[in-house]
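Observations on the three-dimensional arrangement
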Amino acid sequence: MVPIISNFATSTPDQGGLFAALGIDWKMLILQIVAFLLLVWLMGKFVYPWLMKSVDERQAGIEAAIKAANEAKATALHTEAQVEKLLAKARLDASDIVATAKLESAAALTASEEKARKRSDQIIADAQAEINKEVIAAKSALHNETIDLIALATEKVVGKTISAKLDNELITDTLKAIK
Amino acid sequence: MINQLAAIDLHISIASETLFTIYGIAITNAVVTGLLGLVIAFGILWYAASKVRRGKYNRFVGLVQWVFEGLLKSVYDIIPDKKLAKKIAPLAITIFFFVLINYWLSILPGLDSIVYHGIPVIRSLAADLNFTLAIAIITMVTAQIYAIKYLTALGNAHRYFRNPIKDPIGSFEGILELVGEVSRGSALALRLFGNAFAGEVLLIVIAVLTSYFSSVVLPFFMAFELFIGLIQAYVFFALTLIFTSLAVTSHGDSPTDHSPAPKAQSAGS
């Protein structure tokens, strides 16, 4: 340890004071100040502007991305609200449409029922009228046929062909006989 | 053991040693290593900046850019005034990189073993009081320049010199402030010098003590020195910013008033 202490001892102020012992040389100090300022100037001129620019650009990019993300979030929220609103409106419209459709279908059903009932009544009435006509026609035909049959039968009985003239005569004779 | 240690003749000198002289200026071992550090620091940053300018990125450029961005963020955090922060950033960031690289050069193999006329060629510039004192002076002078710019010369002088009859406490406070400025500057220089010098001595002592095992033991201490170098560089960087920030802060009439100088904004713009 003694040599170490001796080494330190050789740097003690006996050669030019405390500053010399610490190795402070004013010329070197000024030279180093100038050199360091030159380095700072060089760095400030040729190096830092580019690095700062890239940092600023990246920062701007990040800020723009954050802004875009916030805008997208706001848009998404707005869209979501709009979708919700539209869905609510659609639900309301749908329920209105369903209610209207129900009413309309009920009305249409009623109307068609009424129409069908009227139509069936009409058909029945027409059929009734047709039947009546046919009955009358049948009756008339039967009547005529009966008269013809009576006339034939009378002819057979009387032995003469019944004509209107003979018929009248018969009727007249009969009536006279009755009197 | 103690006798063995005593027998070891370690070459340790507080002052950096002169290798040769140019026009009467002593070129010390610290200056030679410092020139290497300067070339490395400028080379690394210039390379990164040129790559960034061309938009060609790689991992190394990304690392430098990441460190630079972190430092710039620290500048903006410590100095709220953006304009002042942008002005002081080049000085503070250069201090960080230059101190870091020069501190790290102290772990270069050959420390104390590569000699020229019996003088070790490698010696970290951070272990030279001329350099630490130089950047401490630059920091303190820069802080004063910005203080004058922001508070005016009279306002800045008012921080130190007050009428002792009207304001005896303020006058005493001013003297303390003046002493504080000197002590801040010298502490700034001596802290870095002390750490770097002690680091070099530690590495030399460990290398000598561990002898053949030094190649196993030294890497741990070298890693420790790398970490200490990073801390010291950041401390110097942060203190530069803090001293500048303190210098441009006006102290109002109230003892609790530490608001930024009202003239600061107008002076800055």
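The shown structure was predicted, so the numbers you read here are calculated from the model rather than taken from an experiment.

Our next topic: the overall build of chain A. Along chain A, the regular secondary structure elements total four helices and zero strands. Counting helices and strands in the order they occur from the N terminus, chain A gives α-α-α-α.

Secondary structure summary: chain B contains eight helices and four strands in total. Across chain B, helices and strands are ordered from the amino to the carboxyl terminus as α-β-β-α-α-α-β-β-α-α-α-α. Sequence-distant contacts in chain B: of pairs separated by 6 or more residues, those separated by 24 or more amount to 65%.

What follows covers the packing of helix H2 (residues 29-54) of chain B against helix H4 (residues 82-104) of chain B. Residues and elements named next belong to chain B. At their nearest, the axes of H2 and H4 sit 9 Å apart, and the two run at 130° to each other. When the axis of H2 is compared with that of H4, the two are oblique. H2 and H4 meet at a crossing whose hand is right-handed. Seen from H2, the contacting residues are Gly34, Gly37, Ile40, Ala41 and Leu45; seen from H4, they are Phe97, Phe98, Ile101 and Asn102. In the contact of H2 with H4, the residues fall into six nonpolar, three polar and no charged.

On to the interface of chain A and chain B. Across the boundary between the two partners, chain A contributes 32 residues, which contact 38 residues of chain B. At the level of elements, helix H1 (2-10) and helix H3 (26-158) of chain A are the ones that each hand at least two residues to the side of chain A that touches chain B. Ranked by the residues each element gives to the side of chain A that touches chain B, the list is headed by H3 of chain A, at 20 residues. In terms of residue class, the side of chain A that touches chain B is made up of 24 nonpolar, six polar and two charged.

A few words on the nonpolar core. Of all hydrophobic cores here, the largest spans 66 residues; its most connected members are Val75, Ile88, Ala92, Ile95, Phe96 and Val99 of chain B. Elements represented by at least two residues in this core include exactly H3 of chain A together with H2, helix H3 (59-78), H4, helix H5 (129-158), helix H6 (168-210) and helix H7 (214-247) of chain B. Broken down by element, the residue count for this core peaks at 15 residues, all from H4 of chain B. Each residue touching alanine 92 of chain B, except ones within four places of it in the same chain, is listed here: Val75, Phe237, Thr240 and Leu241 of chain B.

Time to look at the pairing of strand E2 (residues 25-28) of chain B. Residue and element names in this part refer to chain B. In this structure, strand E1 (residues 18-22) lies alongside E2, joined through four bridges in antiparallel fashion. Bridge pairing links isoleucine 22 to isoleucine 25 in E2. Between E1 and E2, which pair antiparallel one after the other, the connecting turn spans two residues, and tyrosine 23 there sits at a positive phi close to 50°.

With that out of the way, let us pick up the packing of H6 of chain B against H7 of chain B. Residue and element names in this part refer to chain B. Close contact between H6 and H7 brings their axes to 10 Å; oriented N to C, the two are set at 175°. In terms of orientation, H6 lies roughly antiparallel with respect to H7. Contacts from Arg184, Leu188, Leu192, Asn195, Gly199, Leu202, Leu203, Ile206, Ala207 and Thr210 of H6 reach H7 at Ser214, Val217, Leu218, Phe221, Glu225, Ile228, Gln232, Phe236, Leu239 and Phe243. Residues of the contact of H6 with H7, tallied by class, amount to 13 nonpolar, five polar and two charged.

Quick look at the environment of valine 40 of chain A now. Positionally, valine 40 of chain A belongs in helix H3. Apart from the residues within four sequence positions on either side, valine 40 of chain A is in contact with Pro90, Leu91 and Thr94 of chain B.

Here the focus is H3 of chain B. Between its first and last C-alpha, H3 of chain B extends 28 Å over 20 residues, near the 28 Å set by a 1.5 Å rise per residue. Taken together, the buried positions of H3 of chain B are Phe68, Leu71, Leu72 and Val75 of chain B. The buried residues of H3 of chain B occupy an angular sector of 100° when projected down its axis, which confines them to one face. Looking at H3 of chain B, the residues exposed on the side facing more than 90 degrees away from the buried face are Arg59, Leu63, Trp66, Gly70, Lys73 and Asp77 of chain B. Those residues of H3 of chain B that are buried lie in contact with H3 of chain A together with H4 and H7 of chain B.

Moving on, we come to unusual backbone geometry. Residues and elements named next belong to chain B. A positive phi angle, near 50°, is found at tyrosine 23, a position not held by glycine. The class for tyrosine 23 is exposed, based on 4 C-beta atoms found within 10 Å. Positive phi is not limited to glycine here, since threonine 152 has a value of about 70°. As for its placement among the helices and strands, threonine 152 is situated in helix H5. Given 14 C-beta atoms within a 10 Å radius, threonine 152 is considered partly exposed.

Turning our eyes to something else, we now look at the confidence of the model for chain A. Residue and element names in this part refer to chain A. On average, residues of chain A score 84 in pLDDT, and 89% of them reach the 70 mark or higher. Least confident of the elements in chain A is H1, whose mean pLDDT is 41; most confident is H3, at 90. Contacts of residues 1-14 to residues separated by more than four positions or lying in other chains number 20 contacts, the stretch itself having pLDDT below 50.

Looking now at the confidence of the model for chain B. Detailed reading of the predicted model is not advised wherever pLDDT is low. Residue and element names in this part refer to chain B. Scored by pLDDT, chain B comes out at a mean of 85, with 88% of its residues at no less than 70. Counting interchain partners and residues more than four positions distant, the pLDDT-below-50 stretch residues 262-269 has 12 contacts. Complex prediction metrics read pTM 0.70 and ipTM 0.84.

The rules behind the values
- Residues numbered from 1 in each chain as written.
- Chains lettered and ligands numbered in written order.
- Predicted model: local features only at pLDDT ≥ 70, side-chain atom pairs only at ≥ 80, totals over all residues.
- Helix = DSSP H or I, 4+ residues; strand = E, 2+ residues; numbered from the N terminus.
- Contact = placed C-beta atoms within 7 Å.
- Axes fitted to C-alpha atoms, helices over the stretch in contact; angles between N-to-C directions.
- Parallel < 35°, antiparallel > 145°, perpendicular 65-115°, else oblique.
- Left-handed = near helix turned anticlockwise from the far one by under 90°.
- Nonpolar A, V, L, I, M, F, W, Y, C, P; charged D, E, K, R; others polar.
- Core = buried A, V, L, I, M, F, W, Y, C linked by C-beta atoms within 7 Å.
- Buried ≥ 20, exposed ≤ 12 C-beta atoms within 10 Å, placed from the backbone.
- Pairing = 2+ DSSP bridges.
- Expected span 1.5 Å × (residues − 1).
- Arc of directions from axis to C-beta.
- pLDDT = per-residue confidence, 0-100.

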